[in-house]
Amino acid sequence: NAGVMQNPRHLVRRRGQEARLRCSPMKGHSHVYWYRQLPEEGLKFMVYLQKENIIDESGMPKERFSAEFPKEGPSILRIQQVVRGDSAAYFCASSPPLGTNQETQYFGPGTRLLVL
Amino acid sequence: ELKVEQNPLFLSMQEGKNYTIYCNYSTTSDRLYWYRQDPGKSLESLFVLLSNGAVKQEGRLMASLDTKARLSTLHITAAVHDLSATYFCAVYAGNNRKLIWGLGTSLAVNP
């Protein structure tokens, strides 16, 4: 049973370009979360999605950031017109349906985004 | 708004010694998580604590939860070098499964 998969693991973009980060949840998991970690800091919640639905996007910046979790395929976190302040590690986590396995969130390896 | 504070943020200890990391949170929550992160790596789930008085142990690590005091502790017994990592506590905000994270405790275990 593969764990949470993220790609790419490292991404370098120039200011103004777009960044697309992908996350495939663990098999059987229907809930996906995106977190951002700045150097030497804890994680900050960004968005919580279920298939085809955004449940909570209260941590998403109002502009340039968007997320989706389509019926088929991975979840995508999209950052348009990246700026240097977007440089961070972006972690995706998944969890099983409500009420199972104590709702632990299992994390992927992260995508480290560097904006030049 | 739920806030989570960990202390200490940095901890250097000798092998064989015991120590405790503390996690305080500001509003009521019904679950708390401890995770471990090695440098440049992802986060590994250590413990999920669901109720007042919950205590869980795995190897040299033991976690406890006091929901009335809004406090969790992660106790390290007879530390070994392999425990060197950053340890995060995260508290369930309740609404929509959001986890609010502490800043982490960077632990270095020295020979």
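Here's what I pulled together on the structure shown here.

Here is what the cut-offs are and how they apply
Residues numbered from 1 in each chain as written. Chains lettered and ligands numbered in written order. Predicted model: local features only at pLDDT ≥ 70, side-chain atom pairs only at ≥ 80, totals over all residues. Heavy atoms only, no water. Helix = DSSP H or I, 4+ residues; strand = E, 2+ residues; numbered from the N terminus. Rg over C-alpha atoms; globule rule 2.2 N^0.38 Å. Buried < 20%, exposed > 50% of the residue type's maximum accessible area, 1.4 Å probe, protein only. Contact = heavy atoms within 4.5 Å. Areas by Shrake-Rupley, 256 points an atom, 1.4 Å probe, with all protein chains shown as cover. Lys, Arg positive; Asp, Glu negative; His and termini not counted. Charge placed at Lys NZ, Arg CZ, Asp CG, Glu CD. Polar contact = N/O pair within 3.5 Å; in protein donor to acceptor, adjacent residues only side chain to side chain. Phe/Tyr/Trp six-rings, centres within 6.5 Å; stacked < 30°, edge-to-face > 60°. Lys NZ or Arg CZ within 6 Å of the ring centre and 35° of its normal. Buried area = accessible area lost by both parts, 1.4 Å probe. Nonpolar A, V, L, I, M, F, W, Y, C, P; charged D, E, K, R; others polar. Salt bridge = Lys/Arg side-chain N within 4 Å of Asp/Glu carboxyl O.

1. Things to note about the overall build of chain B
Step number 1: On a plain count of helices and strands, chain B comes out with zero helices and eleven strands.
Step number 2: By the compact-globule yardstick of 13 Å for 111 residues, chain B fits well, its C-alpha radius of gyration being 13 Å.
Step number 3: Considered along the principal axes of its C-alpha atoms, chain B spans approximately 45 × 30 × 20 Å.
Step number 4: The buried share of chain B, reckoned over its 111 residues, is 45%.
Step number 5: In chain B, the share of contacts with a sequence separation of at least 24, taken over all contacts with a separation of at least 6, comes to 53%.
Step number 6: When the accessible surface of chain B is split by element, carbon and sulfur atoms take 49% of a total near 5,400 Å².
Step number 7: Side chains of chain B give 11 positive and 9 negative charges; the mean places of these two sets differ by 5 Å.

2. Digging into the overall build of chain A
Step number 1: Within chain A, the regular secondary structure consists of zero helices and eleven strands.
Step number 2: Put simply, chain A runs from its N terminus to its C terminus through helices and strands in the order β-β-β-β-β-β-β-β-β-β-β.
Step number 3: A compact globule built from 116 residues would reach a C-alpha radius of gyration of about 13 Å, and chain A, at 14 Å, matches this within 12%.
Step number 4: Overall, the C-alpha framework of chain A stretches about 40 × 25 × 25 Å when taken along its three principal axes.
Step number 5: The buried share of chain A, reckoned over its 116 residues, is 46%.
Step number 6: If you sum the accessible surface of chain A, you get close to 5,900 Å²; carbon and sulfur atoms cover 48% of it.
Step number 7: The positive charge centre, built from 16 side chains, and the negative charge centre, built from 11, are 8 Å apart in chain A.

3. Brief notes about the environment of glutamine 6 of chain A
All names here are of chain A.
Step number 1: Along the chain, glutamine 6 turns up in strand S1 (residues 5-7).
Step number 2: Classification of glutamine 6 as buried rests on a relative accessible area of 6%.
Step number 3: Glutamine 6 sits 70 residues away from isoleucine 76 along the chain, and the two C-alpha atoms are 9.8 Å apart.
Step number 4: Once residues within four sequence positions are removed from consideration, glutamine 6 is found in contact with Arg22, Cys23, Trp34, Tyr90, Phe91, Cys92, Gly108, Pro109, Gly110 and Thr111.
Step number 5: Among the polar contacts made by the side chain of glutamine 6, one reaches the main-chain carbonyl oxygen of tyrosine 90 at a distance of 3.0 Å.
Step number 6: One polar contact links the side chain of glutamine 6 to the main-chain amide nitrogen of glycine 110, over a distance of 2.9 Å.

4. Thoughts on the packing of aromatic side chains
Step number 1: Evaluated as defined, the whole model comprises nine aromatic pairs over all chains.
Step number 2: Positioned above the aromatic ring of tyrosine 92 of chain B is the side chain of arginine 31 of chain B, whose terminal nitrogen or guanidinium carbon lies 4.7 Å from the ring centre.

5. A short note on the interface of chain A and chain B
Step number 1: Between chain A and chain B, the contact holds 26 residues from the first and 22 residues from the second.
Step number 2: With both sides pooled, the region where chain A packs onto chain B buries about 1,900 Å², and carbon together with sulfur makes up 48% of that total.
Step number 3: Here chain A is connected to chain B by six residue pairs in polar contact (both at pLDDT 80 or more).
Step number 4: Put simply, the parts of the chain that give the side of chain A that touches chain B at least two residues each are strand S4 (31-37), strand S5 (43-50), strand S6 (53-56) and strand S9 (88-95) of chain A.
Step number 5: Residue contributions to the side of chain A that touches chain B peak at four residues, all from S4 of chain A.
Step number 6: Its residues assigned to classes, the side of chain A that touches chain B comprises twelve nonpolar, ten polar and four charged.

6. Details of the pattern of salt bridges
Where side chains of opposite charge bring their charged atoms close, a pairing between them can arise.
Step number 1: Across all of its chains, the model carries five salt bridges over all chains by this definition.
Step number 2: We note a salt bridge from arginine 20 of chain A to glutamate 18 of chain A, for which the minimum N-O separation is 2.9 Å.
Step number 3: A salt bridge links lysine 98 of chain B to aspartate 56 of chain A; its shortest N-O distance comes to 3.8 Å. Residue lysine 98 of chain B is located in the loop between strand S9 (85-92) and strand S10 (99-101), and its partner aspartate 56 of chain A is located in strand S6; the two belong to separate chains. Here lysine 98 of chain B matches aspartate 56 of chain A in class, with each residue buried.

Keep in mind these values describe shape, not function.
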